[in-house]
Amino acid sequence: MPRADILTYMQDIEAVLGGPLLGYLLGTDDAGLPAAPTAEQSAVIEFLQQSLAKFQTLDASGRMARLQEVLLAYQEEQDTTLVNVLRSSVTGKQNDRGRIDDPVAEELLRLARDGFAGYLFPGLGQYGMVLASSSGNILRHPANYRFMRRVISDPALTRLFPDAQLREASDDNELVKIYTYIIVSSGHGGGLQLSRLADQLLKNSYDRMALSGNVDVDIYLDTVLSVLEEMRSLALGKQVEIPVGVGLANIKLLTDQRIGIRGAELRSTGPQDGRWLLPLNMLASVVLITTIPLQLLQVGGNPPTEPATGNISFDKYEPAFDVARKALQRRIELVRFALLLASLPGPYFASQQDMTRIFDPFYQTAIASAPTFSPSLNSEVLIDPLSFPVIESWILKTRNHPRTLDIAMRRLLSAATSRSNPLDGLIDAVLAWENMFSGTPETTLRVCGAISHLLEQADYQKRQQFFDELKKLYATRSSLVHGSSEPEIREASLMRDRAVDIGLQCMARLYDYPDLLDLKSTVRSRNILLGATQQSAS
């Protein structure tokens with residue numbers, strides 16, 4: 001076939017299957033499609049073009065479903081899927097790790113190798129339905145039945161399926177009936193079939209890999225092994241850290257840029273995030289990758305119910321759910337707060353939290369939540385690479401943020417990022433001052449005096465002027481909460497901005513004085529008024 005025709009066919013196929021899947025089939029992966037296809041690549045392109053022609057009368061979603069069915073079909077003679085047969089005809093090798101000394105992992109890796117391409121099919125965005133899945137093929141794959149038998153023989157994993165000890169799994173029909181009920185500390189519970197365990201592990205592994213921002217078959221196989229070991233630890237009653245993806249709006253990183261440290265990494269969004277970062281009212285441009293502790297709370301038995309009604313109820317587990325939710329939210333808020341502190345004196349990296357997803361291995365779909373939010377107060381800010389070391393430094397510092405100052409952190413976050421009414425922002429910011437420096441008697445003197453001493457240490461006259469400014473802002477806040485008339489919107493915005501800036505400066509300066517940082521607010525303000533910062537400086 002003429003080379004021009006092959007190139008035309010390749011463009012037509014890419015328009016349907018997408019670049020990632022076609023690159024996988026042609027063995028080029030992330031290197032881009034070939035400008036001059038080899039004879040082996042041309043043969044694959046011709047086969048795909050013929051397959052497209054067979055289904056041209058179908059609508060887009062129907063055609064994609066049939067192509068998925070054909071390409072992911074198990075080929076008994078080659079002991080793999082057709083898509084891998086085609087790839088191997090080009091590369092001359094399979095994505096095979098060979099034999100390993102772990103029977104469960106060996107079968108799971110065979111399923112991973114044969115299912116990987118299924119996740120590369122175009123999905124929700126293009127065809128209006130979730131097509132990018134290998135579920136049906138994995139469930140029917142011969143290795144899945146071997147995997148199931150090895151799971152119930154594994155000393156750790158068999159604990160997930162107490163029913164397996166009571167059932168004589170003499171044939172495949174009995175295997176698929178094995179079932180358990182699981183409740184996890186992330187806040188969810190439900191049934192889990194042994195026959196679907198591999199599928200859930202593999203999908204979760206792919207989603208985690210996509211969250212990392214690196215989509216590659218070798219990385220995928222490594223992730224599969226990691227998730228398997230994680231599930232073994234959970235089955236043994238241990239606590240593990242699992243990934244969480246958080247969309248952040250109102251800040252921006254250039255394509256492929258990354259900053260942060262282990263457990264708190266920021267990167268720009270990419271096409272792979274369409275699998276989990278569903279757009280709501282905001283469009284996240286940055287992804288925060290963090291973790292949450294996970295532990296099994298119930299394995300086996302029946303769903304918990306209310307004695308009076310018989311309805312399913314998780315009330316007995318609600319305290320554990322609440323601890324996990326608060327721990328995760330605090331980790332997210334600390335990173336967002338670190339961004340604010342790193343951006344002093346402005347413009348602020350005032351990130352807003354968008355979609356949040358927990359990549360729990362026990363659930364087919366990543367657990368998702370989206371907090372309520374208001375329109376952004378600020379325009380989107382591009383984070384300059386020169387700020388990366390400062391951001392990473394603040395992420396490290398705020399990991400030891402005193403819980404006694406969490407109110408100040410949250411109030412400054414809301415004032416700077418989400419309060420649509422500037423007066424609400426002003427009230428929040430001054431409340432943050434109080435959380436840092438309040439005490440009795442003479443609350444105004446303590447708060448305003450401590451702030452003026454902390455931020456203006458060298459010049460008495462400037463400190464006195466600053467103290468007067470603080471008193472006016474403090475008095476305005478007090479009069480507002482007691483029902484006085486509101487200032488004009490422009491004046492309110494200026495006061496809000498000034499109060500937020502002062503609050504952030506105070507928090508940043510407190511981190512320079514570890515002995516002050518860990519004190520109660522009343523003792524902290526007293527010590528500052530008595531000259532603690534001058535003594536530290538000297």
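Residues numbered from 1 in each chain as written. Predicted model: local features only at pLDDT ≥ 70, side-chain atom pairs only at ≥ 80, totals over all residues. Heavy atoms only, no water.

A look at the pattern of salt bridges
All told, the structure shown has 27 salt bridges when counted by the stated rule. For R496, the salt bridge identified is with D497, shortest N-O distance 2.6 Å. Residue R496 is classed as buried on the basis of its relative accessible area, which comes to 9%. According to the relative accessible area criterion, D497 is partly exposed, its value standing at 40%. (Salt bridge = Lys/Arg side-chain N within 4 Å of Asp/Glu carboxyl O. Buried < 20%, exposed > 50% of the residue type's maximum accessible area, 1.4 Å probe, protein only.)

Some points on the confidence of the model for the protein chain
Detailed conclusions should not be drawn from predicted coordinates in areas where pLDDT is low. Summary statistics for the protein chain give a mean pLDDT of 88 and a share of 90% for residues scoring 70 or more. Here residues 124-132 is a poorly scored stretch, pLDDT under 50, and it has 26 contacts once near neighbours within four places are set aside; other chains count. (pLDDT = per-residue confidence, 0-100. Contact = heavy atoms within 4.5 Å.)

Description of the nonpolar core
Judged by nonpolar contacts, the single largest core of 146 residues is most densely connected at L17, Y220, F362, W433, F437 and I451. Beyond its immediate chain neighbours, meaning those up to four positions away, Y220 contacts A112, F116, Y119, L202, S205, Y206 and M209. With five residues, the next largest nonpolar core counts W276, V287, I289 and F359 among its residues. (Core = buried A, V, L, I, M, F, W, Y, C linked by side-chain atoms within 4.5 Å.)

Let's talk about helix α11 (residues 197-212)
Structural remark: α-helix, 3.6 residues per turn; residues separated by three or four positions point the same way. Relative to the 22 Å expected for 16 residues at 1.5 Å per residue, α11 spans 23 Å between its end C-alpha atoms, a close match to the ideal helical length. Here α11 lies mainly inside the structure; 15 of its 16 residues are buried. Phi for G213, located one or two positions after α11, is positive at around 90°. (Helix = DSSP H or I, 4+ residues; strand = E, 2+ residues; numbered from the N terminus. Expected span 1.5 Å × (residues − 1).)

A word on the environment of E241
If you trace the backbone, E241 turns up in strand β5 (residues 240-249). Along the primary structure E241 and L294 are separated by 53 residues, whereas in three dimensions their C-alpha atoms are 6.0 Å apart. At 2.6 Å, the side chain of E241 forms a polar contact with the side chain of T291. Within the local environment of E241, its side chain forms a polar contact with the side chain of R331, the two groups lying 2.8 Å apart. (Polar contact = N/O pair within 3.5 Å; in protein donor to acceptor, adjacent residues only side chain to side chain.)

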